[in-house]
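Structural overview
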Amino acid sequence: MLSDETLVHRLGGLVGGEHVVAGSEASRYAVDGRAPRAVAFPGSAEEVSAVMAFASAEWLKVVPRGSGTKMALGGIPARVDLVLALSRLGGIVDYEPADMTAAFRAGTRLQEAQEILGRNGQFIALDPPDADAATIGGILATNSSGPRRLRYGASRDLVIATRLVHADGKVTKAGAKVVKNVTGYDLNKLYIGSLGTLAIIVEATFRLYPVPAVEKTYLAPFASLDGLKRLVASILDSPLVPFAAELMNVEASRRVAAAAGLPWPEGSYGLALAVGSVRREAVDAQLETVRRMSREAGGADGHMLEGGPHDAFWRATRDFALGDGLQAVLKASVLLTKVAEAVRVGEEVAGQHGLRLGVISEAGSGIVRYYLTGDAASPERFQQAVVESVSRLRAFAQEAEGNLVILKASPEVKSRVDVWGPVGKALPLMQRSKAEFDPQGILNPGRFVGGI
Amino acid sequence: MEKERIAKVLAGIVGAEAVVVDAGELRVYETDGLTVFKAMPDIVVLPQSTEQVAGVVKVCHREKIPFVARGAGTGLSGGALAVEGGVLIGLNRMNRILEVDYENQRAVVEPGMVNVWLTNALAPRGYYYSPDPASQTACSIGGNVAENSGGPRTPKYGVTTNHVLGLEVVLPNGEVVRLGGRTLDPLGYDLTGVFVGSEGTFGIATKVFVRIMRKPEAVKTLMGVFNTIEDASNSVSGIVGRGIIPVAIEMMDNNAIQAVEKGVAAGYPLDAVAVLLVEVDGPKDEVEALVEPIKEVLKENQVREIRVAKDDNERLLLWKGRKAAFAAMGQISPEYYVQDSVIPRTKLPSIMRLIGDLSQKYGLRVANVFHAGDGNLHPLILYSSANEGELHKAEAMGAEIIKACVDMGGSLTGEHGIGLEKRDFMPLMFTGDDLAAMRKAKKAFDPDGLMNPGKIFPTAKAGVEVGAAGQRQILDKVLGPA
Ligand SMILES: Cc1cc2nc3c(=O)[nH]c(=O)nc-3n(C[C@H](O)[C@H](O)[C@H](O)COP(=O)(O)OP(=O)(O)OC[C@H]3O[C@@H](n4cnc5c(N)ncnc54)[C@H](O)[C@@H]3O)c2cc1C
């Protein structure tokens, strides 16, 4: 095995000595408490390729990293020799506004990309958590999405081409820079959401959307979940086309409303319906219908949001966090008809374990996020409570034909419960895919489903 | 392969009446929608359940016999042809809608179900299934999954992959697995995503879980009539440039109009150089608000005449011509050869000019009927195989169009697939390493390479009849020797 000194020296030869970090500074890049021997910051796809060729020759275990906002996702890595940080690999590659496609290097922060595209009234229709800091590569690797997916879909629907560096350093592309293409296999799908276990995404091309001229949101308080459930069902069964529909529990609505500077009736659940269009009248007409339906379903008078408060509200929703204390974040995917119940079960479970719980769900997509927090003074108790909550909520999600994953939790929790849950009979197929793409098992070992 | 013995074993699984071995009957399966290619399977089986499919596949796997799935056989790239013989598994008897769940916006269907049946079944409740290839009254959803089929509605609603959330698949070793399902973000790799568009080389889809959608409150269809292709093309960019995403933007040129008018009399002006169909949908107020800006764009581009369909009948009439366009070609030419390469939208005027030039050069007429909104061309090259060498010329011309599209930053195919037809074009777009990555995915699904061999990947393998004119020769001429 290479000595640490040689390792750093060799890496320096590939990416420049000033772009390699080792020793105690490298431990700042620890993944689930496992510190890498070194961190390399390549400045180009060619350098990423050189580092991977080197890692492959030396059988180094590599953890790719964007800006680090999602490093808590995934199982505890089996071993971490090298963190491959893509933060220097940023910037736009090409952009043709009239074609509504744009390519960015993986280390580009989504926010940066949106600023560039915004000058032409266009955007990448993704609004994942931590959108200000998160990089495009990280968002794709974790298949991170947000409320807007109701209208625009997720990464799999928006990415048309990727450029990859493989475990052995080979560079390939998948897809094409046109909005419609079926030439060969759609490998983009395989790489998106693979958490860097198959290859490293170094560039991605998106189909873009026009920024709607007008966007508004109606936020309604509800005393009970039952009324909300009925309202969501009737909205989904109507010709209304909201781009987001978020159902929140009492704790989450209270906090999000406060963050957006809105008064909020005590003890109320919330439903936020967002509509965008090229025409104001079209937005207003839809939201008036929503307001009426909301009243009929028993909702109290709500807020019509636009401009500053609108943006503040959605930012607080996307980047929701429960303040200080110990944290865990879970994400469930369930049938649309089970969303309200998923919220209720979450509250029940949290209540039993004395946990504070915020729930924000994408009611039209069946995605439910649970934000758990507990007293920092008793970490043991919190961990145990999270482990038990995961089991209960996972069982519920599976009943609802979906799954539950841990987005964020301490290594202590992760060592006691599978962060992903069972994959079923498709696992061997996934293992074979992994073995084909990364036969040495050097990319992110142990962090993905089924121990991949 | 000892045909008789195998046929008997297969009859034990699917029943004797569901096994075809007679040469005359096998002929039905010799070709698909692209009739220039022919290849005969040794045996055809027509299973009725997942268990039967799995049983048949297990036999093939054990005996190392190549096998191919087939839906309705409307594919336009030779995908369903048994180029190495073996067993062809016809899925049209598995054609039921298994489940419709409106509240969860999902349906589960069998692979042989004809695309339009689902939308028809959903209509009374005001729902529909979005991907609508022009062949939708015939093609199967299994074929749609395999080809990742599109249709006119893709600019706003996407293609098959955006609407398929899960699959039940019989893997090439006969195992049955579920990929994805009724909920989003299934665990692990997005195997549903990579299966869609794998052209029947990864396994046989035996159940398809799809998203169904609420019908929009309002739909408006406009037709713009133009004196130049350029103006029509620029209108496409102009509309999108206004922040409008129409459901569909379709273009037809004069040859196409002639054929359509002879065929179904949709009312397109016979002297128009191009017509553009633009459709928008959504809530009533929004749709109303979109009509004016679209008209403005058309006027900015010297539109000669604008027709806005007043009611559903007028709307359907406008679409009738478009939907029937391929079939109507018979009115003006005995045969046609269709390409479906893609270019970035901004390159529309230049590629249309080039196609015009090539038409002159080869002395063959071309009718263009295509998805202008996403730059997906469909030049229908008109020829007659009765004329010596014309098919040869048509194929060569098609190859030149493909090459030009790739040179402009486009793609070989937007919805018809690579299949047999375009496999030797793959190196135009992908390097050896790119293709090696695709082969890895293939190997994960089909380590023995038994399923639908001879498709997608380039091969100079002899012994396969590739087109009456001998495609290799054409490729050498147009693209340079392999
Ligand atoms: C007039 C006409 C118009 C067309 N218009 C369009 C259009 O607008 N848009 C478009 O995208 N296409 C269009 N097509 C092409 C064609 O209809 C589509 O590709 C369609 O999806 C093929 O379906 P099929 O059932 O006929 O498949 P087939 O031709 O039978 O098979 C196609 C491929 O799918 C595989 N396959 C079939 N069933 C399964 C299964 N269950 N599991 C795995 N693999 C399977 C086969 O092996 C083969 O590789 C058109 C064709 C015609 C003739």
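Parameters at a glance
- Sequence order sets the numbering: in each chain, residues are counted from 1 along the sequence as written.
- Written order determines the labels here, with chains lettered from A and ligands numbered from 1.
- Local features in a predicted model are, by the rule used here, given only for residues with pLDDT of at least 70; side-chain atom pairs are given and counted only at 80 or more, and totals for whole chains, interfaces and linings are based on all residues.
- To obtain the side-chain values, all non-hydrogen atoms of the structure were used and water was disregarded.
- Throughout, the protein atoms alone are placed on a 1 Å grid, and a set of points is a cavity if a 1.4 Å probe fits but cannot get out or a pocket if it is open with protein on both sides within 12 Å along at least five of seven lines; lining residues have an atom within 4 Å of a point.
- Grid points are joined across faces, edges and corners, and a volume is the space filled by probe spheres set on the points.
- Comment: elements are numbered from the N terminus, with helices defined as DSSP H or I runs of at least four residues and strands as E runs of at least two.
- Ten residue types, Ala, Val, Leu, Ile, Met, Phe, Trp, Tyr, Cys and Pro, are classed as nonpolar, four, Asp, Glu, Lys and Arg, as charged, and the remainder, Gly among them, as polar.
- Segmentation of the chain into domains, including their bounds, is taken from an automatic or database domain assignment.
- Contacts are assigned to residue pairs that have any heavy atoms within 4.5 Å of one another.
- Simply put, the buried area is the total loss of 1.4 Å probe accessible area from both parts when two parts are fitted together.
- Salt bridge criterion: a side-chain nitrogen from Lys or Arg within 4 Å of a carboxyl oxygen from Asp or Glu.
- For this analysis, a polar contact is any N or O atom pair within 3.5 Å, provided that within protein one partner can donate a hydrogen and the other can accept it, and provided that sequence-adjacent residues contribute only side-chain to side-chain pairs.
- Note on terminology: near, applied to a residue and a molecule or strand, indicates that one of the residue's heavy atoms is within 4 Å of it.
- Reported accessibility uses the Shrake-Rupley method at a 1.4 Å probe radius. Residues are deemed covered only where the shown protein chains occlude them.
- Those molecules having more than half of their atoms within 2 Å of a cavity or pocket grid point set are described as sitting in that cavity or pocket.
- A simple rule labels every residue: compare its accessible area, found with a 1.4 Å probe on the protein chains alone, to the largest value its type can have, and call it buried under 20%, exposed over 50%, or partly exposed in between.
- By arc we mean the arc of the directions from the helix axis to the C-beta atoms, nothing more.
- Confidence of the predictor at the level of single residues is given by pLDDT, which spans 0 to 100.

**Concerning the layout of surface pockets**
All names here are of chain B. Here the second largest pocket defines a volume of roughly 880 Å³. Lining the second largest pocket are 45 residues, and of these Thr 74, Gly 75, Leu 76, Ser 135 and Cys 139 lie nearest its centre. Secondary structure elements with two or more residues in the lining of the second largest pocket: strand S3 (67-70), helix H5 (141-147), strand S10 (204-211), helix H11 (312-323) and helix H12 (325-328). Examining the composition of the lining of the second largest pocket, we find that 5 residues originate from one element, H5, more than from any other. Residues that form the lining of the second largest pocket fall into these classes: 17 nonpolar, 21 polar and 7 charged.

**Points about empty space enclosed by the protein**
Rolled over the atoms, a probe sized like a water molecule indicates the empty space that remains. Residue and element names in this part refer to chain A. With the rule as written, the count across this model stands at 5 cavities of 30 Å³ or more. Reported here for the largest cavity is a volume of approximately 280 Å³. Lining the largest cavity are 24 residues, with Pro 64, Gly 66, Gly 137, Gly 138 and Ala 141 positioned closest to its centre. Elements represented by at least two residues in the lining of the largest cavity include exactly strand S3 (62-65), helix H5 (136-141) and strand S10 (199-207). Among the residues forming the lining of the largest cavity, the class breakdown is 10 nonpolar, 11 polar and 3 charged.

**Digging into the domain arrangement of chain A**
Residues and elements named next belong to chain A. The assigned domain composition of chain A is domain 1 (1-211), domain 2 (214-316) and domain 3 (326-414). Domain 2 and domain 3 are separated by 23 Å when their C-alpha centres are compared. Counting from both sides, the interface comprises 17 residues of domain 2 and, opposite them, 16 residues of domain 3. Of all residues in domain 2, the largest losses of buried area upon contact with domain 3 belong to Leu 225, Leu 247 and Asn 249, amounting jointly to 36% of the total for that side. One can count 2 salt bridges joining domain 2 with domain 3. We note a salt bridge from Arg 344 to Asp 226, for which the minimum N-O separation is 3.8 Å. On the surface where domain 2 and domain 3 come into contact, there are 7 residue pairs in polar contact (both at pLDDT 80 or more). When contributions to the side of domain 2 that touches domain 3 are tallied by element, the ones reaching two or more residues are helix H9 (225-236), strand S13 (244-248) and helix H10 (250-259).

**Description of the pattern of salt bridges**
All names here are of chain B. Applying the stated criterion across every chain yields a total of 60 salt bridges over all chains. Between Glu 30 and Arg 27 there is a salt bridge, with its nearest N and O atoms 2.8 Å apart. The partner of Arg 182 in a salt bridge is Glu 99, and the shortest N-O contact between them spans 2.7 Å. Taken as a pair, Arg 182 in the loop between strand S9 (176-180) and helix H7 (191-195) and Glu 99 in strand S5 (residues 97-101) lie far apart in primary sequence, 83 residues in all.

**Some words on the site of the ligand**
All names here are of chain B. Inspection of the region around the ligand gives 34 residues, with Ala 69, Gly 71, Thr 74, Ser 135 and Ser 140 positioned closest. Take Gly 73: an N or O atom from its main chain is 2.8 Å from an oxygen atom of the ligand. Contact distances for the ligand include 2.9 Å between an oxygen atom and a backbone N or O atom of Gly 150. Out of a free accessible area of 970 Å², the ligand has 95% covered by protein chains. Comparing atom positions with the cavity grids shows the ligand to sit within the second largest pocket. Secondary-structure elements contributing two or more residues to the shell around the ligand are S3, H5 and S10. Take the shell around the ligand: its biggest share by element is 5 residues, from H5.

**Here we look at helix H4 (residues 115-122) of chain B**
Residues and elements named next belong to chain B. Of the positions making up H4, those classed as buried are Asn 115, Val 116, Leu 118, Thr 119 and Leu 122. Buried positions in H4, seen along its axis, are confined to an arc of 150° and lie on one side of it. Lining the buried residues of H4 we find S5, strand S6 (106-109), strand S7 (127-128), H5 and S10.

**Here we look at the confidence of the model for chain B**
Residues and elements named next belong to chain B. Put simply, chain B has an average pLDDT of 93, and 95% of its residues get 70 or more. Within the model, pLDDT remains below 50 along residues 461-470, and this stretch shows 19 contacts once partners closer than five positions in the same chain are excluded. Interface confidence for the predicted complex, expressed as ipTM, amounts to 0.97; the pTM equals 0.97.

**Digging into the interface of chain A and chain B**
Across the contact, 79 residues belong to chain A and 83 residues belong to chain B. Contact between chain A and chain B buries roughly 6,700 Å² in total, counting both sides, with carbon and sulfur atoms accounting for 58%. If you look at where chain A meets chain B, you find 9 salt bridges. Of all the elements, helix H16 (residues 427-437) of chain A adds the most residues to the side of chain A that touches chain B, at 7 residues.

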